[in-house]
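Single-letter residue listing:
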Amino acid sequence: MIPAAGFGARFHDGGPKALVPLAGRPMLLHALERLAASGRVGGAVIAVPEGYEDAFHVALKRAPFSYALVEGGMTRRESVARAFAAANFETDDELVLVHDAARPLVDSIEVAAVVDAAEKTGAAIAGFSVVETIKRVSGGTVGETVPRRDLFAATTPQVFRVGLFRKALAKAEGAEATDDAELVERAGGAVTVVLTSRWNIKITYPEDLAWAEAFLGRSPA
Ligand code: C5P
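Residues numbered from 1 in each chain as written. Predicted model: local features only at pLDDT ≥ 70, side-chain atom pairs only at ≥ 80, totals over all residues. Heavy atoms only, no water.

Student: What's the story with the overall build of the protein chain in this structure? I'm lost.
Tutor: Within the protein chain one finds 7 helices and 11 strands. Each principal axis of the C-alpha atoms in the protein chain carries an extent, and together these give about 50 × 40 × 35 Å. In the protein chain, which comprises 221 residues, the share counted as buried stands at 46%. Sequence-distant contacts in the protein chain: of pairs separated by 6 or more residues, those separated by 24 or more amount to 68%. Element-wise, carbon and sulfur atoms account for 53% of the exposed surface of the protein chain, whose accessible area totals about 11,100 Å². With 24 positive and 28 negative side-chain charges, the protein chain shows a spacing of 4 Å between the two charge centroids. (Helix = DSSP H or I, 4+ residues; strand = E, 2+ residues; numbered from the N terminus. Buried < 20%, exposed > 50% of the residue type's maximum accessible area, 1.4 Å probe, protein only. Contact = heavy atoms within 4.5 Å. Areas by Shrake-Rupley, 256 points an atom, 1.4 Å probe, with all protein chains shown as cover. Lys, Arg positive; Asp, Glu negative; His and termini not counted. Charge placed at Lys NZ, Arg CZ, Asp CG, Glu CD.)

Student: It is not clear to me how helix α1 (residues 27-37) should be interpreted in this structure. Could you clarify?
Tutor: One turn of the α-helix equals 3.6 residues, which is why residues spaced by three or four share an orientation. Counting buried residues along α1, 8 of its 11 residues qualify, which places the element largely inside the surrounding structure. Every buried residue of α1 is listed here: Met27, Leu28, Leu29, His30, Ala31, Leu32, Arg34 and Leu35. Following α1 by one or two positions, Gly39 adopts a phi angle in the positive range, close to 75°.

Student: Would you mind showing me how to read the sheet that holds strand β1 (residues 2-3) here?
Tutor: Adjacent strands of a sheet form backbone hydrogen bonds with each other and so pair up, either parallel or antiparallel. In space, the 3 strands of this open sheet follow the order β1-β4-β5, with parallel pairing throughout. Since the sheet does not close on itself, it has two edges, and those belong to β1 and β5 (66-71), each with one partner. By the bridge criterion, 6 bridges tie strand β4 (residues 43-48) to β5 in an arrangement that is parallel. When the bridges of β5 are listed, Ala44 appears paired with Tyr67. (Pairing = 2+ DSSP bridges.)

Student: Please clarify how the sheet that holds strand β7 (residues 123-129) should be interpreted in this entry.
Tutor: On the basis of which strands lie adjacent, the open sheet formed by 4 strands has the order β6-β10-β7-β11 and mixed pairing. Each having just a single partner strand, β6 (95-98) and β11 (192-195) make up the two edges of the open sheet. Within this sheet the neighbouring strands show an average axis-to-axis angle of 30°, counted without direction. In terms of strand pairing, β6 meets strand β10 (residues 152-161) through 4 bridges, oriented antiparallel. Bridge pairing in β10 places Leu97 opposite Val159. (Axes fitted to C-alpha atoms, helices over the stretch in contact; angles between N-to-C directions.)

Student: Would you take a moment to explain the site of the ligand for this structure?
Tutor: The local shell around the ligand holds 14 residues, among which Pro3, Ala5, Gly6, Gly73 and Ser79 are the closest. Arg10 places a side-chain nitrogen or oxygen 3.1 Å from an oxygen atom of the ligand. Contact distances for the ligand include 3.4 Å between an oxygen atom and a backbone N or O atom of Ala102. For the ligand, whose unbound accessible area comes to 460 Å², protein coverage reaches 83%. Its residues assigned to classes, the shell around the ligand comprises 6 nonpolar, 4 polar and 4 charged. (Near = heavy atom within 4 Å. Polar contact = N/O pair within 3.5 Å; in protein donor to acceptor, adjacent residues only side chain to side chain. Nonpolar A, V, L, I, M, F, W, Y, C, P; charged D, E, K, R; others polar.)

Student: Whenever I open this one, the pattern of salt bridges confuses me. Can you help?
Tutor: It is possible for side chains of opposite charge to pair when their charged atoms get near one another. In the structure shown here, the tally under the stated rule is 13 salt bridges. Close ionic contact of Glu78 with Arg82 constitutes a salt bridge, the shortest N to O distance being 3.6 Å. On the criterion of helical spacing, the pair formed by Glu78 and Arg82 is a turn pair, its members being 4 residues apart in helix α3 (residues 76-87). According to the relative accessible area criterion, Arg82 is partly exposed, its value standing at 35%. (Salt bridge = Lys/Arg side-chain N within 4 Å of Asp/Glu carboxyl O.)

Student: Even after reading the chapter, I still don't get the side chain of Thr155, so can you show me in this structure?
Tutor: Structurally, Thr155 is set in strand β10. Once residues lying within four places of it in the same chain are set aside, the contact partners of Thr155 are Arg103, Ala126, Gly127, Phe128 and Asn200.

Below you can see the structure in the form of structure tokens.
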């Protein structure tokens, strides 16, 4: 499932961020190609903004596997819930993978590693250790320094057993979450963490795109 229904308000005031070109191709296409190269993803349900279906079909003409589009929601969680409903999983034992369209540099071997971990434990997420010192700030003044030793930046892919994720979504009852694992955690599920490289950034600000272009310029795409 690919939530791709965001407009990227922090990035620009144009159309869907997922369609922004990176090294000449839509960001979303990079992400799909890297998922496909993992050998562990066979298709996708992609949540897109209302009215942009045709633009996505054009952008995905060379998609590496079959896909379906669904209309996204007002929030990321809603977009994921709609994609999940449309995915029509046959059994609760299957695995569902969620990956942000805004993470086009995900490493294929690391995708496979997250899937392998979820196969064993039922829930696994990618991420990396936080290197900065994190401070809780209020009104421009530091309130507290958070010990960084156990801090981990959660990224995607996030992979879950379908039955577990179904229960987590139902239990969330519309409450918001900034990632999918949070829903599983709230439902009492244990989530395994797979450490990845820090290249798997989320394209959020314009400078992130420049960074991604530089990365692709120095490594085989
Ligand atoms: O807003 P954020 O950067 O957390 O978005 C992460 C991913 O969720 C992006 O790929 C974006 O397109 C997607 N999203 C969505 N539906 C929304 C908001 C964001 O599919 N309503």
